[in-house]
Amino acid sequence: MRVAFIGKGGAGKSVIVGTFCRLLARSDHSPVVAIDSDTMPGLAYSLGVPSTETMLDPDIVEEVGEEDDRTWVLREGLDPAGVVERYAVEGPDGVRLLQLGKLRGHARAIGPSFRAFRILVQRLPETGWHLVGDLPGGTRQPFSGWAGFADLVVVVAEATPSSMLAARRLARLAGTRHGPGEDRMVAIANKVDDAADGDRLQQFCGLRVIGTVPADPSVRAAERSGVALLDASPDSPAVEAVTSLLHTITAEAP
C-alpha cells in the first residue's frame, strides 16, 4: 500500500497518519515506512517515537548525466532499503519513521538533505514496504512530485468553511499536470461532531468522502501530553474510526 495524506494545516493529518501506520503494521506482516516530509514537528509524537531532528546525509545522492541534461540520483552502490535501514527511526509496532528534518533556522540549512529526501522517496516504491506519507499543509508538496509515490491521495478536512475550501482547491488540482489524478484522490472528514459533516464535505469539495473521524477529546488529551493516541486511548472513538478507515483504504488502494 502506498498512500499520502494531505490537507490544510491543522486539519489533524498527523494524528490520523500515526495511528493509521501502527494499525497497518499490526494487521499486515509487511514493514511500514511513515514518510514525514513536513519540516514542522508532528508525526513523531503521533507515532510514539521520541522527537528527533535526524535528517538525511546529502551525500547519499549524486549528480549524473551530460552538462545539458544532468539529474540527481542515489549514489552508486546505495539502495532505498539500505538508506531507510540507516536513517529511519524505528518506533512502536515496528513502524519506521523517515523524516525530512526539522527547521531550526533558515530553510537553506536543510536544502541539500531536502533534495536527498525527495530522491529517496521517489525510489521507495521499488521496495516491498507499505509507504504512508504525512505531507505538509497546502498545495506545494503534493502537487510538485512529493505525492508521486502514492497510489492513493487522501485529503483530510474538517467541515469548516476554510478547511472545506482548501479541500476543494486540492480537488481541482488533482487533474492538473502535476496532480495525482482525479481517480487517485479521495477525502475523509475529521473532527466530526455532526453526522452530516461527511456529506457536507463531499458536496462542497467534489471528492468522494470515504470515512469520518469524530471530534474526540481523547485526541486533544493525547496531543497535550505528547503521547500517541494509540497508546493514550486505544479504545477511543477516534482510534475506532481510523481502524475502519484502514479497512476502507486497504480495499481502495491498488
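Keep in mind the model is a prediction, meaning the values are calculated, not measured. Sequence positions are assigned chain by chain, starting from 1 and proceeding in written order. Whole-chain, interface and lining totals are the exception, using all residues; otherwise, since this is a predicted model, local features are given only for residues with pLDDT of at least 70 and side-chain atom pairs are given and counted only at 80 or more. Note that the side-chain values use all heavy atoms of the structure and ignore hydrogens as well as water.

Trainee: Looking at this structure, I do not really get the nonpolar core. What am I missing?
Mentor: Side chains that are nonpolar tend, in soluble globular proteins, to be buried together. In plain words, nonpolar cores are sets of buried Ala, Val, Leu, Ile, Met, Phe, Trp, Tyr and Cys residues tied together by side-chain atoms within 4.5 Å. Burial classes: relative accessible area under 20% of the type maximum marks a residue as buried, over 50% as exposed, and values in between as partly exposed (1.4 Å probe, protein chains only). Core analysis: the largest hydrophobic core is formed by 42 residues, its most contacted members being Ile35, Leu56, Ile60, Leu98, Leu124, Val155 and Leu201. Of all the elements in the fold, those that place two or more residues in this core are strand 1 (2-7), strand 2 (32-36), helix 3 (80-87), helix 4 (111-123), strand 8 (152-157), helix 5 (161-173), strand 9 (185-192) and helix 6 (197-205). Top contributing element to this core by residue count: helix 4, with five residues. When near neighbours in sequence (up to four residues on either side) are disregarded, Leu201 contacts Ala157, Met164, Ala167, Ala187, Ile188, Ala189, Gly206 and Val209. Ranked by size, the runner-up nonpolar core spans 40 residues in total, among them Phe5, Val95, Val186 and Val213. Secondary structure elements follow DSSP: runs of H or I of four or more residues count as helices, runs of E of two or more count as strands, with numbering from the N terminus. Should any heavy atoms of two residues lie within 4.5 Å, those residues are counted as being in contact.

Trainee: Would you mind showing me how to read the sheet that holds strand 2 here?
Mentor: Hydrogen bonds between backbone groups are what pair the strands of a sheet, and the pairing can be parallel or antiparallel. The sheet built from eight strands is open, its strands ordered 5-6-2-7-1-8-9-10 with mixed pairing. The outermost strands of the open sheet, each flanked by one partner alone, are strand 5 (89-90) and strand 10 (209-214). Note on pairing: two strands pair once DSSP finds at least 2 bridges between them. Inspection of the sheet shows strand 9 paired to strand 10 by four bridges, in the parallel sense. Across the sheet, the residue bridging to Ala189 is Thr212, located in strand 10. Under this scheme, a helix contributes an axis fitted over its contacting stretch, all axes are lines through C-alpha atoms, and angles between N-to-C directions fall in the 0 to 180 degree range. Contacts from helix 6 reach strand 8, strand 9 and strand 10 within the one sheet, and its direction differs from that of strand 9 by about 140°. Those strands touched by helix 9 (residues 237-252) are strand 1, strand 8, strand 9 and strand 10, and its axis lies near 165° from that of strand 10.

Trainee: Looking at this model, I keep getting lost on helix 7 (residues 217-225). Mind explaining?
Mentor: The α-helix advances 3.6 residues per turn, and as a result positions three or four apart in sequence lie on the same side. Listing the buried residues of helix 7 in full gives Ser218, Val219 and Ala222. Buried residues along helix 7 cover an arc of 105° about the axis, so they all sit on one side. Residues of helix 7 that are exposed and point more than 90 degrees away from the buried face comprise Pro217 and Arg224. In the core, the buried residues of helix 7 are packed alongside helix 1 (13-27), helix 8 (229-232) and helix 9. For helix 7, the N-terminal cap is Asp216; the gap from its side-chain oxygen to the backbone nitrogen of Ser218 is 2.9 Å. Gly226 sits one or two positions beyond helix 7 and adopts a positive phi of about 70°. By construction, the arc corresponds to the directions joining the helix axis to the C-beta atoms. Counted as a polar contact is a pair of N or O atoms within 3.5 Å, where, for protein atoms, one must be capable of donating a hydrogen and the other of accepting one, and residues adjacent in sequence contribute only when both atoms are in side chains.

Trainee: Sorry if this is basic, but what is going on with the confidence of the model for the protein here?
Mentor: The predicted coordinates ought not to be read in detail in places where the model reports low pLDDT. Summary of the metric used: pLDDT quantifies the predictor's per-residue confidence within the range 0 to 100. In the predicted model, the protein carries a mean pLDDT of 84, and 85% of its residues have values of at least 70. Across residues 103-109 the pLDDT falls below 50, and counting only partners more than four positions away or on other chains, this stretch makes four contacts in the model.

Trainee: Can you help me understand the packing of helix 5 against helix 6 in this one?
Mentor: A pair of packed helices can be characterised by two numbers: the angle between their axes and the separation between those axes. Across the interface, helix 5 lies against helix 6 with an axial gap of 8 Å and an inter-helix angle of 45°. Viewed along their axes, helix 5 and helix 6 adopt a mutual orientation that is oblique. As helix 5 packs across helix 6, the resulting crossing turns out to be right-handed. Only Arg200, Leu201, Phe204 and Cys205 of helix 6 make contact with helix 5, whose side of the interface consists of Met164, Leu165, Ala167, Arg168 and Ala171. Three classes are used: nonpolar for Ala, Val, Leu, Ile, Met, Phe, Trp, Tyr, Cys and Pro, charged for Asp, Glu, Lys and Arg, and polar for all others, with Gly counted as polar. For the contact of helix 5 with helix 6, the residue count by class is seven nonpolar, no polar and two charged. Here roughly perpendicular refers to angles of 65 to 115 degrees, roughly parallel to angles under 35, roughly antiparallel to angles over 145, and oblique to all remaining angles. Helix crossings fall into two classes, left-handed where the near helix is turned counterclockwise from the far one by less than a right angle and right-handed where it is turned clockwise.

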